[in-house]
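So the chains spell out like this:
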Amino acid sequence: MERSASRQSRKKVVAVVGGGLVGALNACFFAKRGLDVELFESREDIRRAKIVKGRSINLALSHRGRQALKHVGLEEKIVAQGIPMHARMIHSLDGKQSPIPYGRKGQYILSVDRANLNKELLTAAETYPNTKMNFDHKLQDWNAETGLMTFVRLDGSKEQVKADLIVGCDGAFSAVRKQFLRLSRFDYSQTYIPHGYMELTMPPINGEFAMKPNYLHIWPRNTFMMIALPNLDKTFTCTLFMPFEDFEKITTGDEVIEFFQKYFPDTIPLIGADTLQRDYFRLPAQAMVSVKCNPYHIGDTCVLMGDAAHAVVPFYGQGMNAGFEDCIVFDEIMDQFNEDFSAVLPEYTRVRVPDDHAIADLAMYNYIEMRAHVNSKWFIFRKYVDNI
Ligand code: FAD
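Position numbers for residues count from 1 along each chain, tracking the sequence in the order it is written. With the structure being a predicted model, the display of local features is reserved for residues of pLDDT at least 70 and the display and counting of side-chain atom pairs for 80 or more, all residues being used for whole-chain, interface and lining totals. Side-chain descriptors were evaluated using all non-hydrogen atoms of the structure, hydrogens and water having been removed beforehand.

Visitor: I keep staring at the nonpolar core and nothing clicks. Help me out?
Guide: Most often, soluble globular proteins keep nonpolar side chains buried together rather than apart. Put simply, a nonpolar core is a bunch of buried Ala, Val, Leu, Ile, Met, Phe, Trp, Tyr and Cys residues held in one set by side-chain atoms that sit within 4.5 Å of each other. Relative accessibility under 20% of the residue-type maximum defines a buried residue, over 50% an exposed one, and the middle range a partly exposed one, all with a 1.4 Å probe and only protein chains included. Ranked by internal contacts, the top residues of the largest apolar core, which has 73 residues, are Phe-30, Met-149, Phe-324 and Phe-330. Under the scheme used here, helices are H or I runs from DSSP no shorter than 4 residues and strands are E runs no shorter than 2 residues, and both carry numbers assigned from the N terminus. The dominant element in this core, judged by the number of residues it contributes, is helix H1 (residues 21–32), at 9 residues. Between two residues, a contact is recorded if the distance between any of their heavy atoms is within 4.5 Å. Non-local contacts of Phe-30, meaning those with residues more than four positions away in its chain, are made with Val-14, Val-16, Leu-35, Val-37, Leu-165, Val-167, Met-305, Phe-330 and Met-334. Within the second largest apolar cluster, 28 residues are counted, among which are Ile-83, Leu-240, Phe-264 and Leu-270.

The structure is reproduced here in structure tokens:
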């Protein structure tokens, strides 16, 4: 069956592929300007799902992300559900904790729950009468000449849909982006870093946070590190970033404890030795990829945003934030060019590619900064503080 995406008026129809963080927010942006929006998401509706699969449990929301939420009236609501983190808290090997502020007094980033944020954004998108949600719709392929998209539904049946604009927000392994690879003069690079990541939960102690909550805790150990962000249920999600070959060296519960005893001794009583031994082997370490490409558009029919355009390594805490900023930048260019896609799309590529590539480079730089340089900077800072 072939259909045109729902057309309730003579307005242009936008198909947003991917209902993750950036896709769901983007649907709000397009719907707010009155365009007819159809969102297609391969997963079931996560608001009804028992288990929400995905990447990090929580993430850091910062200024550029908040600005985008503000545009669609969601900033206050999301900020109220986040936990402010005013500084990094550096844990040295001897157990000493030392804060390094993120900015001036009163400035902070927020720890937010990924699944909850995604749910809020989907609900917000759905409140617009000109938005239609299609869950369990996986984009299989699309034709760059005709703009015809083929989706596979849960029961294996296929649906073909056409829209005026296809917005690829389908993440780092984007199916929308696959068509770009066939084009001449499309630059593309993908780099896996040697590190993987593993998430561990630090439970509350006597109903309270086990560590000071308003910090992003970091245990920098030069070639690897662990970080911890607070959650509303008073747990911390600890993320261990380490080369895959080091993860693979640890094969027994005793080795896990030995490793933590050597590098993160203060966390063993807080996470619990039994929990640690169990959770370390629950899931294998996950890979991290950095993707750069250029251009972000094809003609006047398709544009990439979020991780589909620029997956970055997570050490700068800016992947989602940059994806949210993509939505504002696109929105502003839509105003500038009176929603003429043939002018908006190339301008978006022109303006956005250099900025997103810069974020990707900064994230790669911070990959070393967080696990190693922070140690030496802290050393200088501590000497300075000790001297005043
Ligand atoms: P995704 O979140 O990947 O969403 C893509 C959506 O598309 C998914 O819902 C998927 O199911 C759907 N989809 C995929 N393929 C198809 C298809 N063929 N058809 C239909 N739908 C499809 N960023 C920050 O700003 N701050 C942080 O602190 C931070 N921490 C991070 C920590 C870790 C460990 C990791 C891995 C990432 C972190 N990030 C952080 C980055 C952030 O997770 C991403 O930048 C963000 O999720 C990008 O959102 P997105 O919507 O573009 O892609």
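Visitor: Where do I start with the packing of H1 against helix H2 (residues 63–71) in this structure?
Guide: The relative placement of two packed helices is expressed as an angle between their axes plus a distance between the axes. Remark: H1 packs on H2, axes separated minimally by 10 Å, with the N-to-C direction vectors making an angle of 40°. The pairing of H1 with H2 is recorded here as oblique in orientation. Between H1 and H2 lies a crossing of left-handed hand. Contact residues: H1 offers Leu-25, Phe-29 and Lys-32, while H2 offers Ala-68, Leu-69 and His-71. Here the nonpolar group is Ala, Val, Leu, Ile, Met, Phe, Trp, Tyr, Cys and Pro; Asp, Glu, Lys and Arg are the charged ones; every other residue, Gly included, is treated as polar. Class assignment for the residues of the contact of H1 with H2 results in 4 nonpolar, 1 polar and 1 charged. Structural elements are reduced to axes, namely lines fitted to C-alpha atoms, with helices fitted over the stretch in contact, and the angle between N-to-C directions of any two is expressed from 0 to 180 degrees. Working definition: roughly parallel below 35 degrees, roughly antiparallel above 145 degrees, roughly perpendicular at 65 to 115 degrees, and oblique for all remaining angles. Crossing handedness: left-handed means the near helix sits turned counterclockwise from the far one by under a right angle, and right-handed means the same turn made clockwise.

Visitor: Explain the site of the ligand here, please?
Guide: Each residue is tested against the molecule or strand, and it is near if at least one of its non-hydrogen atoms lies within 4 Å. The environment of the ligand is made up of 31 residues, and the closest members are Glu-41, Ala-60, Arg-114, Leu-139 and Asp-307. Relative to its unbound accessible area of 1,000 Å², the ligand is 88% covered by the protein chains. Those elements giving two or more residues to the shell around the ligand turn out to be H1, strand S4 (58–61), strand S10 (137–142) and helix H11 (319–336). Residues that form the shell around the ligand fall into these classes: 12 nonpolar, 12 polar and 7 charged. Surface exposure here means Shrake-Rupley accessible area, sampled with a 1.4 Å probe, where a residue is shielded only by the protein chains that are shown.

Visitor: Honestly, the environment of Arg-43 in this entry has me stumped. Any pointers?
Guide: Of note, Arg-43 is situated in the loop between strand S3 (36–40) and S4. When its relative accessible area of 29% is taken as the criterion, Arg-43 is described as partly exposed. For the pair Arg-43 and Asp-136, spaced 93 residues apart in sequence, the C-alpha separation works out to 5.1 Å.

Visitor: What exactly am I supposed to notice about the packing of aromatic side chains here?
Guide: In this description, an aromatic ring pair is defined by two values, namely the gap between the centres and the angle between the planes. For Phe, Tyr and Trp, rings pair up if their centres lie within 6.5 Å, where Trp contributes its six-membered ring, and each pair is then called stacked (planes under 30 degrees apart), edge-to-face (over 60) or tilted (otherwise). Counted under the stated rule, the structure contains 19 aromatic pairs. Measuring from centroid to centroid gives 4.8 Å for Phe-241 and Phe-315, while their planes differ by 65°, and the two rings are edge-to-face. Taken as a pair, Phe-241 in strand S17 (residues 236–243) and Phe-315 in the loop between helix H10 (307–310) and H11 lie far apart in primary sequence, 74 residues in all. Just as Phe-241 is buried, Phe-315 falls in that class too. With 5.2 Å between their ring centres and 55° between their planes, Phe-259 and Tyr-263 make a pair best called tilted. You can see Phe-259 and its partner Tyr-263 sitting in helix H7 (residues 253–263), 4 residues apart, about one turn around the helix. Every member of this aromatic cluster is reached through a ring pair, and the members are Phe-224, Phe-259, Phe-260, Tyr-263 and Phe-264.

Visitor: Quick question: what am I supposed to make of the pairing of strand S16 (residues 225–230) here?
Guide: Note on strand geometry: in a regular strand, side chains alternate between the two faces of the sheet. Among the 6 residues that make up S16, 6 are buried, leaving the element largely enclosed by the rest of the structure. Side chains of S16 alternate between two faces, with Met-225, Ile-227 and Leu-229 and Met-226, Ala-228 and Pro-230 buried alike. When strand S15 (residues 215–220) meets S16, the two strands line up antiparallel, connected through 4 bridges. Across the sheet, the residue bridging to Pro-220 is Met-225, located in S16. A strand pair is defined by DSSP finding two or more bridges across the two strands.

Visitor: Help me out: how do you make sense of the sheet that holds strand S14 (residues 187–202) in this one?
Guide: For sheets, the rule is that strands pair by backbone hydrogen bonds, running either parallel or antiparallel. Within the open sheet, the 7 strands sit side by side as S7-S6-S15-S16-S17-S14-S18. Their pairing is mixed. Strands with a single pairing partner mark the edges of an open sheet, and in this sheet they are strand S7 (97–101) and strand S18 (286–294). Adjacent strand axes in the sheet meet at a mean angle of 30° when their direction is disregarded. Summarising the sheet, strand S6 (residues 87–91) and S15 pair through 4 bridges and their orientation is parallel. When the sheet's bridge partners are listed, Ile-90 is paired in S15 with Ile-218.

Visitor: What is the right way to look at the pairing of S6 in this model?
Guide: With 5 of 5 residues buried, S6 is to be regarded as a mostly interior element. Going residue by residue along S6, you find Ala-87, Met-89 and His-91 tucked away on one face and Arg-88 and Ile-90 tucked away on the opposite face as well. One ladder, built from 5 bridges, connects S6 with S7; its direction is antiparallel. Its bridge partner being in S7, His-91 is matched across the sheet by Gln-97. Where S6 folds back onto S7 in an antiparallel hairpin, the turn is made up of 5 residues, including Gly-95, whose phi is positive at roughly 90°.

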